[in-house]
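Observations on the three-dimensional arrangement
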2 protein chains.
Amino acid sequence: MTTSFNGINPSNVKNICCIGAGPIGAGWAAYFLAQGYNVTSYLHAPNEEPSLRSLIDTAWLSLEALGLAEGASIKNLHCTSDLAEAARTADFVQESAPEDIQLKQVLYEKLGRLVPDHIVIASSTSGLQMTDIQSQCQTPGRTVVGHPFNPPYLLPLVEIVGGEATDPVAIQWLADFYKVAGKAPLVLKREIPGFIATRLQEAVWREALHMITNDEATVEDIDFAIVNGPGPRWAMMGPCLTYHIGGGEGGMAYCLDQFGPALKLPWSRLEAPDLTPELRERLIEGTDRQAGDSDYATLNRQRDQGLVAIRNALEEINSE
Amino acid sequence: MTTSFNGINPSNVKNICCIGAGPIGAGWAAYFLAQGYNVTSYLHAPNEEPSLRSLIDTAWLSLEALGLAEGASIKNLHCTSDLAEAARTADFVQESAPEDIQLKQVLYEKLGRLVPDHIVIASSTSGLQMTDIQSQCQTPGRTVVGHPFNPPYLLPLVEIVGGEATDPVAIQWLADFYKVAGKAPLVLKREIPGFIATRLQEAVWREALHMITNDEATVEDIDFAIVNGPGPRWAMMGPCLTYHIGGGEGGMAYCLDQFGPALKLPWSRLEAPDLTPELRERLIEGTDRQAGDSDYATLNRQRDQGLVAIRNALEEINSE
């Protein structure tokens, strides 16, 4: 730990520097503009500006449909190819440069000098570890991974994790800031490859690739199965709460005791861990915490209402 | 093949026999009633009727919100514990008895005698194979797996697969009938454990269990990550088309060439298959077929519109 981080109040952030003109960098810029922030986009080359603005214009249609913050406007976007200028006035930096570790290390060495050291720098990286990214930065305490889901202007999740030299206070600051900015931050306990959501997504993708390789399913079969089966449920309820409801009045405990043995069945190429008493307990306690005061009938009704809303909403779109 | 199946016109089905009073049996009964069919529910014991009716009443709230077919009414439900009576007038049988292979074998032996042999009998089984279920049935040609997703009255998917003695014509009949009845049928190329959707779902679940076991994520983290990350996308677009869009103008080919090496990274406990030229080609051809005439910008816009609709719909529910 080389710094003792002392950031500004997350509610006082006004100016955000977004690095990168690709779909992620542009997506973040559009999102922050829609939330009413001033955004300075740093472009590697000035000729990237038209493509950046076109991506932002597309995102804006959706952001308007979701509702803009007071004073939000694309006019609050400023583009520059001068990193020092982009960095100078930023209250927060969201970096979405290409996924190249050497490129990022050089960039963080520069940012470490140019950005005042009480300002948090978040990386959108999906595959690199902050410990590596920050290795040449002189002020690494405030550098944190803030990994969004594509498109960043529509999916709320941001996974947050520090590197070895990251100050835990900066991690908490970032979670607080994203919350103020309307995102759904998830702080990881430690660096794991692929974070949490990408690991889950990658498990689906790899199982799908096995089925397509073995001629058990076509590309269309895979997508059709997801969209018409578990997909709509996952838009509103994760796998744990889903199984909790699947267990009826008996909840997760009943579900595990009933279907636990199925973990040994070849229902996926992924081997399951042993369902130890400890794991059983964690699952039951965790879903109990999630369910809170809601009994089975209430959770069941909430799930159904959500699914009806999703189906009706998608049908309206499709019939337009 | 012991029969040469010659079914009635799927559009002429009027009377449906639903076997089973649990959430799946009741869910099917509610769904078919809402589609305007007459339903005879076979109950193992007459005292199951109140619980069956309570499950149907709950489902009905959602089915009304989605829109009932003309003439649809819960009054068209008839309950009986006389299997011969339930079977006699059925134009179609949906069996959702407990997942016990011996119980199902005995049941199919009886159904094989009681149900006229031009009538299809579909099993809701999620874990058993039709080859085993039909082994004691004298007329197995018309017995087929028709595996729904829970709740069957809200999720459209039904996975269809025959056993060794199933007539392919009966499989096609079942797909045609489910389509007429408003479901989304998916015919599998062959029997594989867990079918397609459950295999994908199970891959997520097992990866989640590993993370919870290793203290890398809590139960709440898993659900939070899905619901705020890939979940909403999966409600409207499968993983293949998602990556096709993720590849921008270059589509799936660009995506595979760029991110293919990531399959070797430890982003999930599930090992990926080799990305052979054949697999690459299948993925590109399959997503091309799915995309049809839609270019990148159109697909991108459709995805965004769907996500906005889902988010607004869920927000409306949550604010009630």
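Residues numbered from 1 in each chain as written. Chains lettered and ligands numbered in written order. Predicted model: local features only at pLDDT ≥ 70, side-chain atom pairs only at ≥ 80, totals over all residues. Heavy atoms only, no water.

1. Describing the overall build of chain A
Tallying secondary structure elements over chain A gives 13 helices and eight strands in all. A compact globule built from 320 residues would reach a C-alpha radius of gyration of about 20 Å, and chain A, at 22 Å, matches this within 12%. Burial analysis of chain A (320 residues in total) assigns 57% to the buried set. Pairs at least 24 residues apart make up 70% of the contacts formed inside chain A by residues separated by at least 6 positions. When the accessible surface of chain A is totalled, it reaches about 12600 Å², and 49% of it is carbon and sulfur. Here chain A contributes 23 positive and 40 negative side-chain charges, whose respective centroids are spaced 3 Å apart. (Helix = DSSP H or I, 4+ residues; strand = E, 2+ residues; numbered from the N terminus. Rg over C-alpha atoms; globule rule 2.2 N^0.38 Å. Buried < 20%, exposed > 50% of the residue type's maximum accessible area, 1.4 Å probe, protein only. Contact = heavy atoms within 4.5 Å. Areas by Shrake-Rupley, 256 points an atom, 1.4 Å probe, with all protein chains shown as cover. Lys, Arg positive; Asp, Glu negative; His and termini not counted. Charge placed at Lys NZ, Arg CZ, Asp CG, Glu CD.)

2. Regarding helix H7 (residues 197-213) of chain B
Note: α-helices contain 3.6 residues per turn, so residues at a spacing of three or four share the same orientation. All names here are of chain B. Under the 1.5 Å per step criterion, the end-to-end length of H7 is 24 Å for 17 residues, consistent within 8% with the ideal 24 Å. Of all 17 residues in H7, 16 are buried; the element is thus mostly enclosed. Downstream of H7 by one or two residues, Asp215 has phi in the positive range, about 60°. (Expected span 1.5 Å × (residues − 1).)

3. Quick notes on unusual backbone geometry
Residues and elements named next belong to chain A. The omega torsion across Asn150 and Pro151 is 0°, close enough to zero to call that bond cis. By the element assignment, Pro151 lies in the loop between strand S6 (143-148) and strand S7 (157-162). Residues other than glycine seldom take positive phi values, yet Phe195 does so here, at roughly 50°. Structurally, the position occupied by Phe195 is in the loop between strand S8 (184-187) and helix H7 (197-213). For Phe195, a relative accessible area of 3% corresponds to the buried category.

4. Describing the sheet that holds S6 of chain A
Residues and elements named next belong to chain A. Strand order in the open sheet formed by eight strands is S3-S2-S1-S4-S5-S6-S7-S8, and the pairing between neighbours is mixed. Every interior strand has two partners, whereas the edge strands, strand S3 (77-80) and S8, have only one. Averaged over all adjacent pairs, the angle separating strand axes in this sheet is 25°, with direction ignored. Here strand S2 (residues 38-42) runs beside S3; their pairing, made up of four bridges, is parallel. Considered in S3, the bridge of Thr40 is made with His78. (Pairing = 2+ DSSP bridges. Axes fitted to C-alpha atoms, helices over the stretch in contact; angles between N-to-C directions.)

5. Points about the relation of the copies chain A and chain B
At an RMSD of 0.0 Å, chain A and chain B line up after a rotation of 180° and a shift of 0.0 Å along the axis. The transformation relating the two chain copies, once decomposed into turn and shift, fits a two-fold axis. Identified as the residue of chain A closest to the rotation axis by C-alpha distance is Leu270 of chain A, at 2.4 Å. In this assembly, 100% of the residues forming the interface of chain A have copies in chain B that are likewise at the interface, indicating an isologous arrangement. (Least-squares fit on C-alpha atoms with pLDDT ≥ 70 in both.)

6. What about the pairing of S6 of chain A?
Each regular strand displays side chains that alternate between the two surfaces of the sheet. Residues and elements named next belong to chain A. The buried fraction of S6 is high, at six of six residues. With burial as the criterion, each face of S6 is covered, one bearing Thr143, Val145 and His147 and the other bearing Val144, Gly146 and Pro148. Two elements, strand S5 (residues 121-123) and S6, share three bridges in a ladder whose sense is parallel. Note on S6: the bridge partner recorded for Ala122 is Val144. Two elements, S6 and S7, share five bridges in a ladder whose sense is antiparallel. The residue bridging Val144 from the neighbouring strand is Gly162, located in S7.

7. Let's talk about the interface of chain A and chain B
Taken together, the contacts link 106 residues of chain A with 106 residues of chain B. Summed over both sides, the interface of chain A with chain B buries roughly 10800 Å², with 66% coming from carbon and sulfur. For Asp215 of chain A, the salt bridge identified is with Lys189 of chain B, shortest N-O distance 2.8 Å. Along the contact surface separating chain A from chain B lie 42 residue pairs in polar contact (both at pLDDT 80 or more). At 17 residues, the largest contribution of residues to the side of chain A that touches chain B is made by H7 of chain A. For the side of chain A that touches chain B, the residue count by class is 62 nonpolar, 24 polar and 20 charged. (Buried area = accessible area lost by both parts, 1.4 Å probe. Salt bridge = Lys/Arg side-chain N within 4 Å of Asp/Glu carboxyl O. Polar contact = N/O pair within 3.5 Å; in protein donor to acceptor, adjacent residues only side chain to side chain. Nonpolar A, V, L, I, M, F, W, Y, C, P; charged D, E, K, R; others polar.)

8. Brief notes about the environment of Thr218 of chain A
Position of Thr218 of chain A relative to the elements: it lies in the loop between H7 and helix H8 (219-228). Residues Thr218 of chain A and Ala208 of chain A, ten residues apart in the sequence, show an inter-C-alpha distance of 9.1 Å. The contacts of Thr218 of chain A, once residues within four sequence positions are left out, are Ile212 of chain A together with Lys189 of chain B. At 3.0 Å, the side chain of Thr218 of chain A forms a polar contact with the backbone nitrogen of Asp221 of chain A.

9. Structural notes on the domain arrangement of chain A
Taken as a whole, chain A is organised into domain 1 (10-187) and domain 2 (229-319). One C-alpha centre belongs to domain 1 of chain A, the other to domain 2 of chain A, and the line joining them spans 34 Å. (Domains from an automatic or database assignment.)

10. Quick word on the packing of H8 of chain A against helix H12 (residues 277-291) of chain B
Interhelical geometry of H8 of chain A versus H12 of chain B gives an angle of 60° and a closest axis separation of 8 Å. The angle between the axes of H8 of chain A and H12 of chain B places the two elements in the oblique class. For the pair H8 of chain A and H12 of chain B, the contacting residues are Val219, Glu220 and Asp223 of chain A in the first and Arg282, Leu283, Gly286, Thr287, Arg289 and Gln290 of chain B in the second. The residue inventory of the contact of H8 of chain A with H12 of chain B, partitioned by class, reads two nonpolar, three polar and four charged. (Parallel < 35°, antiparallel > 145°, perpendicular 65-115°, else oblique.)

11. Points about the pattern of salt bridges
Tallied over the full model, the rule gives 28 salt bridges over all chains. Of the charged contacts in the structure, one is a salt bridge between Arg282 of chain A and Asp215 of chain B, with a shortest N-O distance of 4.0 Å. One end of the pair, Arg282 of chain A, is in helix H12 (residues 277-291); the other, Asp215 of chain B, is in the loop between H7 and helix H8 (219-228), on a second chain. A single salt-bridge network, built from bridges that share partners, covers Arg199 of chain A together with Glu207, Glu216 and Arg269 of chain B.

12. Comments concerning the packing of aromatic side chains
As enumerated under the stated definition, the model contains 27 aromatic pairs over all chains in all. Ring geometry for Phe32 of chain B against Phe177 of chain B: centres 6.1 Å apart, planes inclined by 35°, an arrangement best described as tilted. Linking Phe32 of chain B in helix H1 (residues 23-34) with Phe177 of chain B in helix H6 (residues 168-180), this pair joins segments that are 145 residues apart in sequence. Residue classification places Phe32 of chain B among the buried residues on the basis of a relative accessible area of 0%. In this structure, Lys183 of chain A packs its charged tip against the face of Tyr31 of chain A, placed 4.3 Å from the ring centre. (Phe/Tyr/Trp six-rings, centres within 6.5 Å; stacked < 30°, edge-to-face > 60°. Lys NZ or Arg CZ within 6 Å of the ring centre and 35° of its normal.)

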